[in-house]
Amino acid sequence: MPEISNELLQQQIDELRTMLETEIASRLSTVDTERLARISQDDALNTSILSEESTRASENAATDFRIDGLEMSFPTLESAISHEAVTRIAQDDLINTRMDYLLASTNTSLGVMTTSLDAETAARVLKDNELEDSINDLNLSITASLAAYTTQLTATEQDLINGITLTNTQVTNLEASLDFETTALSASIFSEQQARVSALEAVSTDITQMNTNFTSLETNVNAAITTEQQTRASATDALAQSISTLTADLDTAESSLSAAITNESTARATENSVLAQQINSLSSTMDGNTALVEQQMQTIDGITASWTIRTDVNGRVAGVSLINSVDEPTKFEITADNFSVLDPTDPLNVVLGVDTQSGEAFVEAAYIRNLVVETLQIGQNAVTVPVTANQVSDITLSGVTLSTITSGSITGYTEAVVATFTNTLATTLDAMVSASGRHGTITESDSDAQAVWSIAVTLNGGIIYHSGSMRGDIFAMTRQVVMQPGVNTVKIYVTGVSDTGNGTGLFAGGNISILGAKR
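So, here's what we can say about the structure. (Residues numbered from 1 in each chain as written. Predicted model: local features only at pLDDT ≥ 70, side-chain atom pairs only at ≥ 80, totals over all residues. Heavy atoms only, no water.)

What about the overall build of the protein chain?
Next up, step 1: Scanning the protein chain for helices and strands turns up 2 helices and 23 strands.
Next up, step 2: Out of the 519 residues in the protein chain, the part that is buried amounts to 18%.
Next up, step 3: Residue pairs in contact within the protein chain that sit at least 24 positions apart in sequence constitute 57% of those at least 6 positions apart.
Next up, step 4: Total accessible area computed for the protein chain in this model is approximately 34600 Å², and 55% of it derives from carbon and sulfur atoms. (Helix = DSSP H or I, 4+ residues; strand = E, 2+ residues; numbered from the N terminus. Buried < 20%, exposed > 50% of the residue type's maximum accessible area, 1.4 Å probe, protein only. Contact = heavy atoms within 4.5 Å. Areas by Shrake-Rupley, 256 points an atom, 1.4 Å probe, with all protein chains shown as cover.)

Given below as structure tokens:
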């Protein structure tokens, strides 16, 4: 038995119901039209009767008017009136006779018309009753037909259900009896070549596609190779392009895998520019993860050349880019978390390394001709950062006698330079302190006086150098000292003297340099 879906059965029922409803509506419309026609005829008959009555009333009114006119014509002639009255009586009798006849005739006509109208009304009532009986009979027939058809459809639907159940059982039994996997294989080669020449350009296209497919109940494997080559030439540009794509896909119930290799080469020349470009890419996808390797080489207008290789794993990118363009600095850019230069004889030895996440660089050994450092951090504080301080302005010296220059004392001295050194260790640190300066001419008002000057250097308030009386122009000293943990202060004190206290002089160029010793 042919299979009929529930939707098809329901559609047939709806179509039958629509057809029956349309037929009933058509017959009801016919009945309504007949009723309206009969009502219109009754209205016309009533109008005719009313018109006849109006006409008779008008004629009676005219007769009365004529009688009244005659009575008023001879008011002064009694005899004439009497004679006329007699005549009129006779005429009135005649008129009355005629009126009686006319009234009797009218009543007879009205009776005939009333009888005819009653008969027509009775006939129409009978016809309406017959039509209503026909409609009722039709409704009963439709109801019976629908019931019979519904019963038939129910039986047919049950037969279909039974047939479908049987078919499903047979399919289940057939699947259960199969002890091997159904396999489908297909392979195709598609090739298209096209050449087109118009008034403006010429185009040649060659497309080749090879596809192989293996399908089973649990696995779908597909492999394809597509090659497209195109050349085009016109009055304003020329293009040569080649695209080759290799794809392999494997879909199972547990996973979906794919791999692809694409090679694209393009050469284009127009009136304003030339371009040579090659893009090679490899990609693979497995368990929701995608990895991509792409290499791109490009030259533009003979003034720009670039080479880029990029790797992308789930959106995380690493790569190398080399760009060379006229009138612009060349660029070599690396995108990576870590960048290393390895020893070719020992690949495990990192000669140069850069960590882009921390911003740190590692160098095994380096020679630097000129180094500028803002903040220097040396491992294990092997060497501390040098500290220097320079004299801000020249100092005028005067008013100190020679007898006040005594060892271990800076009374009467002027502070010239101050430097601070911070020892970040928890222990003391050896350091080298160097100090230097020069003085101008020392004069005195007493020609017999001796003109001298004196320098003292202190560390944390203690004197580490004292020159005593000096007559030279240059001062320089170096001392090894011990720096305490924390902040240490080194100062230069200076004075210009004479044996009478009348000497004056100038000190300039004071400098302090502190370098922590290597541990």
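Picking up after the structure, the text goes on.
Notes on the pairing of strand E9 (residues 316-325)
Next up, step 1: Relative to E9, strand E8 (residues 304-313) is paired through 10 bridges, and the arrangement is antiparallel. Along E9, the bridge assignment pairs Thr308 with Ser321.
Next up, step 2: What sits between E8 and E9 in their antiparallel hairpin is a turn of 2 residues, with Asn314 showing a positive phi close to 55 degrees.
Next up, step 3: In this structure, E9 lies alongside strand E10 (residues 331-335), joined through 5 bridges in antiparallel fashion. (Pairing = 2+ DSSP bridges.)

Concerning the sheet that holds strand E12 (residues 346-355)
Next up, step 1: The strand order across the open sheet formed by 3 strands is E11-E12-E13, and the pairing between neighbours is antiparallel. Each edge of the sheet is formed by a strand with only one pairing partner; in this case those strands are strand E11 (338-343) and strand E13 (360-363). Looking at each pair of strands side by side, their axes are set apart by 35 degrees on average, direction ignored.
Next up, step 2: Pairing of E12 with E13 involves 4 bridges; the strand directions are antiparallel. (Axes fitted to C-alpha atoms, helices over the stretch in contact; angles between N-to-C directions.)

Concerning the side chain of Asp312
Next up, step 1: Positionally, Asp312 belongs in strand E8.
Next up, step 2: Residue class for Asp312 comes out buried when judged on its relative accessible area of 17%.
Next up, step 3: Once residues within four sequence positions are removed from consideration, Asp312 is found in contact with Thr290, Ala291, Leu292 and Val317.

Digging into the side chain of Asp237
Next up, step 1: With respect to the helices and strands, the residue Asp237 is situated in strand E4 (residues 237-252).
Next up, step 2: Its relative accessible area of 17% is what places Asp237 among the buried residues.
Next up, step 3: At a separation of 3.4 Å, a polar atom in the side chain of Asp237 contacts the side chain of Arg232.
Next up, step 4: A distance of 3.4 Å separates the side chain of Asp237 from the side chain of Thr236, its partner in a polar contact.
Next up, step 5: Sequence-distant contacts of Asp237, that is, excluding residues within four places in its chain, are made with Arg232, Ala269 and Thr270. (Polar contact = N/O pair within 3.5 Å; in protein donor to acceptor, adjacent residues only side chain to side chain.)

Quick look at the nonpolar core
Next up, step 1: Core analysis: the biggest nonpolar cluster contains 29 residues, and Ile455, Val457, Phe475, Met483 and Ile514 have the highest contact counts within it.
Next up, step 2: Among residues more than four places away in sequence, those in contact with Phe475 are Ala435, Ser436, Gly437, Trp453, Ile455, Val457, Tyr465 and Met470. (Core = buried A, V, L, I, M, F, W, Y, C linked by side-chain atoms within 4.5 Å.)

Quick look at the pattern of salt bridges
Next up, step 1: By the definition in use, this model includes 5 salt bridges.
Next up, step 2: A salt bridge links Asp337 to Arg316; the shortest N-O distance between them is 2.5 Å. Of the two residues, Asp337 sits in the loop between E10 and E11 while Arg316 sits in strand E9, which places them 21 residues apart along the sequence.
Next up, step 3: Relative accessible area serves as the criterion here: at 51%, Arg316 is assigned to the exposed category. (Salt bridge = Lys/Arg side-chain N within 4 Å of Asp/Glu carboxyl O.)

Quick word on a negative patch on the surface
Next up, step 1: A cluster of like negative charges, contributed by Glu130, Glu132, Asp133 and Asp137, occupies part of the molecular surface.
Next up, step 2: Along the polypeptide, Asp133 turns up in helix H2 (residues 78-177). (Patch = residues over 30% accessible without salt bridge, like charges linked within 9 Å, V, L, I, M, F, W, Y side chains within 5 Å. Lys, Arg positive; Asp, Glu negative; His and termini not counted. Charge placed at Lys NZ, Arg CZ, Asp CG, Glu CD.)

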